[in-house]
Structure formats: C-alpha cells, structure tokens
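One letter stands for each residue in the lines below.
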Amino acid sequence: MSAAKIKAPRGTFDVLGEDAARRTALEARARSVLEGAGYERIETPAFEATELFARGVGESTDIVRKEMFTLEDQGGRSLTLRPEGTAPVCRAYVEHGMHKRRQPVKLWYLSSFFRHERAQAGRYRQFWQVGAEAIGSEDPAVDAESISLLAALLAEMGVRGLRLRLSSLGSHESRREYRERLQAHLRANEQSLSEDVRSRIELNPLRAFDSDHPGTQSVMRSAPRLLEHLSAQDAEHFAHVRELLDVAGVVYEVDATLVRGLDYYTRTVFEFTSDALGAQSGVGGGGRYDGLVEQLGGPPTPGMGWAAGIERIMLAAENGPTGGSTHSPPPAPVELFVALESPREDLRTAAFGLLSEARSAGLSAQMDLGGRSLKGQLGLADTLGARYVAIVADAHTTLKDMQAGRQEPLATNAVVHAVLRGQHAL
Ligand code: AMP
C-alpha cells in the first residue's frame, strides 16, 4: 500500500519553474531600482515577539485581531510569524541604534509574510512582499521619492491598469479630533451600519471607509472627511508631497476615503491598484508612520515606507499569470558540457574533476547525471545549447567547439584553459 500524499497547507504554494525565474528577475529589478536610490537590503527574522505586532500594527486591526499565526515556544514566550515588514524593520532600527547613522536610514527587503486570511486568487496565507522603508526624516521629499520608486518598479515590471490613490491621515493629534467627529456621525447612523463597523466605532472608526456593506457605504458618503480637517502643518506637508509627485511626473488621484489597515500610519498614505486584478486589486501601498519607532521604545523618529505583493505584481504584469506553473524557464547558456566516452568510474571521476575546475574558473558547466549513453549525453549537450563539449576518454579528452564545428584532442587539464582562450578570441 502506498502512503497518502501530503499537500502544501491551504493558502500556500510552491515556487518553481517559470514562476521562480520571474521572481528572480523581479528581485533583480527591485534591487537595481532601490539600491540605485540608496536603499540597503535588510532581512529580519521570520518570527518576532507577538508584542511587536500587537503594539506596532495595533490591537484594533484585522491583522492583529484575526490574522496572526501565533505560537508559544518551549519557554512559554509568545511568538508570531511576521504578518508585515514595517514593525520588524523599525524594531531593527531601534535595536541596532540606527538613529546614530546618517538620516534617513533607507532599507529594503524582499521576504515572505504570513496572515491567516481566507485563501483565494491573489490572497494567500504565506505571500511575498518587496518593501522599502526610509526612517529618520519627515521631509515631504522622502514621501515623494518613496512613492516614485514604487511607481518606477511597477512600471518596469509591466503592471497593467495601474492607479495610484493618495491621501493624508494627518498627525495623531489632528486625527484625534477628527475621530470624535466621525464617531458622532457613526453613532447617529448606527442602525444602518454593519455589525463589524458598529463594534469598532470606539476602537477604529476610520475602517468604516473600507467596508463593502451597502448600508455602511451610504452612511460613509455623508461622513466628514479627514482631509478637510487637517492641521495647517499637515495640510502643508501634504501639499508639498503632491507638488513633488507632480514634478516627478507621477500620476495620482487624491482619495479622501483612503484609509489603510494598519494603525501606525500618519500623514501621507497611498495605494496602487491594478484593473488587471479581480477583487484583490491592491498591488502595493504604504505611507508615513511618524510615531512607530517611538512606540517601539526608540527615540521620536519619523518614517515612511511601502510594501508591494510579489504575487499580485506578477498577476498584474504583462507577461501573464503566475502561480502553479511548472514550465521550465529558458536555460542559462551552458559554456562547457563534460561527457564521458564510456560509463567507467575512473572516467566519471576525471569528468567530475573537469566540471569542478571549469566552474571554479567561472564557466557555466554541466555534465550528465542521469546515466546516459555517449549519444544521450551529446543529445543533452545539444538541448542545453552547450558552446563546447569535452568528451573525456582514456588517452585524451576531445574538445569540440560546437559553434565553429572544430575539435581537438587535449590533455584533460588543458581543457578549461582552451575554452577560456576560445571565448576570449570571440
Ligand atoms: P499591506 O501590508 O496589507 O498594506 O499589503 C501590501 C501589499 O501586499 C498588498 O497591496 C498586496 O499586494 C500584498 N498582500 C497583502 N496581503 C496579501 C495576501 N494575503 N496575499 C497576497 N498578497 C498580499
């Protein structure tokens, strides 16, 4: 009896074939866009103290209330698989005393994140995000640069039907006053609201703007708008961000109903969506979080950043859908294929030695690992598009230049040199 098959958990997927190749390409573009703008790579642990997200992301958010994968370690400490990247990066900023470095400190990451969500197309329980955080400056140019970089990356990736929505949530102080106004409006219309929104009037009234419940939506149409109640300083900051985005040629719409699902945002918030995606249309978004570092035990420090979903970028990009594809990527060109004339152990050892030597010399080299006959090996070399084929035999090795159609007998230890010389001559 054969054993039962074990599948990947719900909402997770394997990355392989063409999909893996497209991710590698995306990572290379992200690196070039972000490192070109002075961002440094950071990787934080896959799990953190639960307290980090409870305090950082906020107790009233869906993420913390319903979506965290939390576990207890053997010492009884509560740990959580990271659901987002900003709180961990700010934790690292504080832990490594990065406020002593030149500000702003600009960091980028490409990592996987975990949320216990209802799995569907474009929404997974383990997903990948590329993100960028600029910590330590409240200059509106930081906001505009950050948004422009995501715009550039999404454009380079060929994401179709992009829309950028932009708003400002003001500082915590100006928001406090506004919250009271909004709460009064919600309480006055309580009977029309969804259960969920009603239960959050005290804790998180702004999320009512995100509701897809028809009654709530109609109440929200007449709700006061935060953008109309910004302090003079916050309004000026927002005006600057807009001016700089205009200068940079980034097209956006101001949307006063834009609120984001995390509590730490202040001032600028934004979101890119794509018409090419279905219900899960968010490609990436972010904003300013001027109180977060302090909330995590650091000095008062402003910050600005974003995260974009790798799977959503690939779904919305021109070269079609991703996920579950098992097609092999086009192979990298093979410079040298090492074959053996006959399946003898000593020849295999010599061939393996040649393969290692070629790779140490920086050549892309392969040999047959499937026990093929000489004819089979030459067929494989052909399929791989090998430029040179070395056939290791008893007396000598034959080096074939497949492009020029020439061949010469050589000592095995002279092969790599001959290939390098031949390449040089090209
Ligand atoms: P957020 O951290 O919620 O602002 O999400 C930022 C981006 O990450 C979104 O715009 C999506 O592209 C992506 N994202 C968030 N949650 C998921 C998920 N469960 N599955 C796939 N992508 C996600």
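Look up: the structure comes first, before these words.
In this report, we go over the structure that sits alongside the text. Given the structure is predicted, the values throughout are model-derived calculations rather than measurements.

Glancing now at helix α1 (residues 17-36). Counted at 1.5 Å a residue, the expected span for α1 with its 20 residues is 28 Å, and the 29 Å between its end C-alpha atoms agrees. The set of residues buried in α1 consists of D19, R22, R23, L26, A30, V33 and L34. Within α1, the buried residues cover an arc of 100° as seen down the axis, which keeps them to one side. Residues of α1 that are exposed and angled more than 90 degrees away from the buried face: T24 and G36.

Now for the site of the ligand. Around the ligand, the structure places 14 residues, and the nearest of them are R115, E117, Y124, R260 and V283. A distance of 2.8 Å separates an oxygen atom of the ligand from a polar atom in the side chain of R115. For the ligand, an oxygen atom lies 3.3 Å from a polar atom in the backbone of G284. In the complex, the protein chains occlude 90% of the 480 Å² of accessible area that the ligand would expose alone. Of all the elements in the fold, those that place two or more residues in the shell around the ligand are β6 (126-135), β10 (282-288) and β11 (303-309). With 3 residues, the top contributor of residues to the shell around the ligand is β10.

This part covers the pairing of strand β14 (residues 388-392). Taking burial as the measure, the 5 residues of β14 include 5 buried ones, the bulk of the element. Across the two faces of β14 the burial is the same, with Y388, A390 and V392 and V389 and I391 all buried. Pairing of strand β12 (residues 336-340) with β14, which is carried by 5 bridges, proceeds in the parallel orientation. Looking at the pairing, A339 lines up with I391 of β14. Bridge analysis of β14 against strand β15 (residues 397-401) gives 5 bridges, and the strand direction is antiparallel.

Along the chain, the position of Q377 falls in helix α13 (residues 374-383). Dropping the residues within four chain positions of it, Q377 is found in contact with F337, V338, A339, L340, D368 and R372.

What follows covers the packing of α1 against helix α5 (residues 140-156). Axis separation between α1 and α5 bottoms out at 10 Å; the angle between their running directions is 150°. Between α1 and α5, the crossing angle belongs to the class labelled roughly antiparallel. Crossing hand, α1 versus α5: right-handed. Mapping the contact onto sequence places R29, A30, V33 and L34 in α1 and L149, L153 and E156 in α5. For the contact of α1 with α5, a count of residues per class yields 5 nonpolar, no polar and 2 charged.

As a further point, take the nonpolar core. Counting residues in hydrophobic clusters, the biggest one holds 46 residues, and the most contacted among them are L182 and L186. Contributions of two or more residues to this core are made by α2 (50-56), α3 (62-66), α4 (86-95), β5 (105-114), β6, α6 (172-188), α8 (214-221) and α10 (292-295). Both domains that meet at this core, namely domain 1 (17-171 + 231-316) and domain 2 (174-227), each give it at least three residues. In this structure, L34, L154, V283 and M314 belong to the second largest nonpolar core, which totals 39 residues.

All right, on to the sheet that holds β5 then. Read across the sheet, 8 strands follow the order β1-β5-β6-β11-β10-β9-β7-β8 without closing on themselves; strand pairing throughout is mixed. A single partner strand is all that each edge strand has here, and the edge strands are β1 (40-41) and β8 (253-254). Pairing analysis gives 10 bridges linking β5 to β6, with the strands arranged antiparallel. Across the sheet, residue L107 finds its bridge partner in β6, namely E133. Running at roughly 15° to β11, α5 makes contact with β5, β6, β7 (162-168), β9 (266-274), β10 and β11 of the sheet.

What follows is about the side chain of T80. By the secondary structure assignment, T80 is in strand β4 (residues 78-81). The class for T80 is buried, based on a relative accessible area of 0%. Discounting residues that sit within four places of it in the chain, T80 has contacts with A46, F47, E48, T50, F53, M68, F69 and T70.

Here Q403 lies in the loop between β15 and β16 (406-410). Given the relative accessible area of 61%, Q403 is considered exposed. Separated by 15 residues in sequence, Q403 and Y388 have C-alpha atoms that sit 8.0 Å apart.

Calculation rules
The residue numbers shown here count from 1 along each chain, following its written sequence. A pLDDT threshold of at least 70 governs which residues receive local features in this predicted model, and a stricter bar of 80 or more applies before side-chain atom pairs are shown or counted, although totals over entire chains, interfaces and linings include all residues. The side-chain numbers reported here are obtained from all heavy atoms of the structure, hydrogens and water having been left aside. Numbering of helices and strands runs from the N terminus, with a helix taken as a DSSP run of H or I at least four residues long and a strand as a DSSP run of E at least two residues long. To estimate how far a helix should reach, multiply one less than its number of residues by 1.5 Å. Under the scheme applied here, a residue whose accessible area is under 20% of the maximum for its type counts as buried, over 50% as exposed, and between as partly exposed, the area being computed with a 1.4 Å probe on protein chains only. What the arc describes is the spread of directions from the helix axis to the C-beta atoms. It suffices for a single heavy atom of a residue to lie within 4 Å of a molecule or strand for the residue to be listed as near it. By the criterion applied in these results, polar contacts are pairs of N or O atoms within 3.5 Å in which, for protein atoms, one can donate a hydrogen and the other can accept it, and in which residues neighboring in sequence qualify only through two side-chain atoms. Every accessible area reported is derived by Shrake-Rupley at a probe size of 1.4 Å, with residue values counting cover from the shown protein chains alone. DSSP-based pairing: two strands are paired if at least 2 bridges between them are found. Residue contacts follow a heavy-atom distance rule, with two residues in contact if any of their heavy atoms lie within 4.5 Å. Only the stretch in contact is used when fitting a helix axis, every axis being a line fitted to C-alpha atoms; angles between N-to-C directions are given from 0 to 180 degrees. Oblique is the label for every angle not falling under 35 degrees (roughly parallel), over 145 degrees (roughly antiparallel), or within 65 to 115 degrees (roughly perpendicular). Left-handed describes a crossing whose near helix is turned anticlockwise from the far helix through less than a right angle; right-handed describes the clockwise counterpart. Throughout this entry, Asp, Glu, Lys and Arg are counted as charged residues, while Ala, Val, Leu, Ile, Met, Phe, Trp, Tyr, Cys and Pro are counted as nonpolar. The remaining residues, Gly among them, count as polar. Side-chain atoms within 4.5 Å link the members of a nonpolar core, which is a set of buried Ala, Val, Leu, Ile, Met, Phe, Trp, Tyr and Cys residues. Those domain boundaries reflect an automatic or database domain assignment.

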